[in-house]
Amino acid sequence: AVAPTQGTGMWSVYSGSGVFDNPTIPNTIVNGLQKGANTMRWSVTKGACINHVDLLVNNLKVNLNAGVDSSICTKSTILNAVPAVTGTTGEWTIISGSATFFPSRNDPKARIGGLANDDNYFAWTITSNGCATVDTVRITVNAPQQANAGSDQSIVGSASSLNADPIPPLLGVGSWSLVSGGGEIDNIYNPQSSVTNLRRGANNFRWTVVKNGCYSTDEVTITNGQSINAEAGPDQEVCASTATLRANDPDVGIG
């Protein structure tokens, strides 16, 4: 305000809200403005005479919210900011990490892909009449390394070695499990563990990579082509017209 040449000046709140650093200073700072219109009154008093002028301070009615921080298992998701109101413009920007936006950066519910592992930070900025307000959101990607259990094997014998891709640090922890068939895994956490006591036929093993509750799996089949042994059992002499046969029960094939 203009400092008075006569009398004393004083700021007051006529409507809305505001807190003055020093209400007697013409160019004081006012804090605590409510959203929308706030009318500040500058009054000059001299004796019993008062003159005043009002100043409208419009605090933009922007409901700014970039959404809730989240942790996900994939490198894509949907953002969830509060849309910009009429007369304002919203836009996403990348603070750190990486992403592609679809259909555009101006969509508050934009789909994003190509996220970086770990933390990605995004800013949702709403602009009106040259004024910008910003809120941020964090999206943490816990995607583990894509599991690769190696190539299927065909062997003759009851022992072999598994051959999954090793896992670099920070990309998860891998472990083997038996899905079907038979076999004893020497070390379930070793991607190249040995496996023994394989059954004849197909033996299926699963390699699972886990990171912060997220997982990726792949399976490998080791086919033991060892020849099938048919055992009809021992010869018998019986004292009746019935007998019980004692052949072996095949683990592959039909007897």
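Since the model is a prediction, treat every value here as computed from it, not as a measurement.

Caption draft 1: Seen up close, the pairing of strand S18 (residues 201-211). Counting buried positions over the 11 residues of S18 gives eight, a clear majority of the element. Both strand S15 (residues 173-180) and S18 contribute to a ladder of seven bridges, which runs antiparallel. Residue pairing in the sheet places Gly174 in a bridge with Val209 of S18. Two elements, S18 and strand S19 (residues 214-224), share 11 bridges in a ladder whose sense is antiparallel. Directly across from Trp207, in S19, lies its bridge partner Asp218. The hairpin formed by S18 and S19 contains two residues between the paired strands, and Asn212 there has a positive phi angle of roughly 50°.

Caption draft 2: Representation of the pattern of salt bridges within the structure. Here the structure, examined in full by the defined rule, presents five salt bridges. Arg41 serves as the salt-bridge partner of Asp54, at 2.7 Å between the closest nitrogen and oxygen. With Asp54 in strand S5 (residues 49-59) and Arg41 in strand S4 (residues 36-46), the pair connects residues that are 13 residues apart, well separated along the chain. Given a relative accessible area of 38%, Asp54 falls into the partly exposed group. In this structure Arg41 comes out as buried when scored by relative accessible area, which is 17%. Residue Asp118 is joined to Lys211 by a salt bridge in which the shortest nitrogen-to-oxygen separation is 3.5 Å. Separated by 93 residues along the polypeptide, Asp118 in strand S11 (residues 118-128) and Lys211 in strand S18 bring together distant segments of the chain.

Caption draft 3: Structural view of the nonpolar core. By size, the foremost hydrophobic cluster in this structure holds 17 residues, and its most contacted members are Leu79, Trp92, Phe101, Ile112, Leu115, Phe122 and Ile139. Counting only elements with at least two residues in this core, the list comes to S11 and strand S12 (131-141). Other than its neighbours up to four places away in sequence, Leu79 contacts Trp92, Phe101, Pro108, Lys109, Ala110, Ile112 and Ile139. In this structure, Ala149, Leu162, Ala164 and Phe205 belong to the second largest nonpolar core, which totals 13 residues.

Caption draft 4: Up close: the sheet that holds strand S10 (residues 111-113). If you trace the three strands from one edge of the open sheet to the other, you get S7-S10-S9, paired in antiparallel fashion. The sheet is open, and its two borders are formed by strand S7 (77-78) and strand S9 (100-102), each paired with just one other strand. In the sheet, S9 pairs with S10 via three bridges, with the strands oriented antiparallel. Following the sheet pairing, Phe102 is matched in S10 by Arg111.

Caption draft 5: Geometry of the environment of Ser98. Among the structural elements, Ser98 can be located in the loop between strand S8 (89-96) and S9. Under the relative-accessibility criterion, Ser98 is labelled partly exposed at 27%. Residues Ser98 and Asn22, spaced 76 residues apart in sequence, show a C-alpha to C-alpha distance of 46 Å. Residue contacts for Ser98: discarding those within four places in its chain leaves Gly114, Leu115, Ala116, Asn120 and Phe122. Engagement of the side chain of Ser98 in a polar contact is seen with the backbone oxygen of Gly114, the distance being 2.8 Å.

Basis of the calculations
Residues numbered from 1 in each chain as written. Predicted model: local features only at pLDDT ≥ 70, side-chain atom pairs only at ≥ 80, totals over all residues. Heavy atoms only, no water. Buried < 20%, exposed > 50% of the residue type's maximum accessible area, 1.4 Å probe, protein only. Helix = DSSP H or I, 4+ residues; strand = E, 2+ residues; numbered from the N terminus. Pairing = 2+ DSSP bridges. Salt bridge = Lys/Arg side-chain N within 4 Å of Asp/Glu carboxyl O. Core = buried A, V, L, I, M, F, W, Y, C linked by side-chain atoms within 4.5 Å. Contact = heavy atoms within 4.5 Å. Polar contact = N/O pair within 3.5 Å; in protein donor to acceptor, adjacent residues only side chain to side chain.

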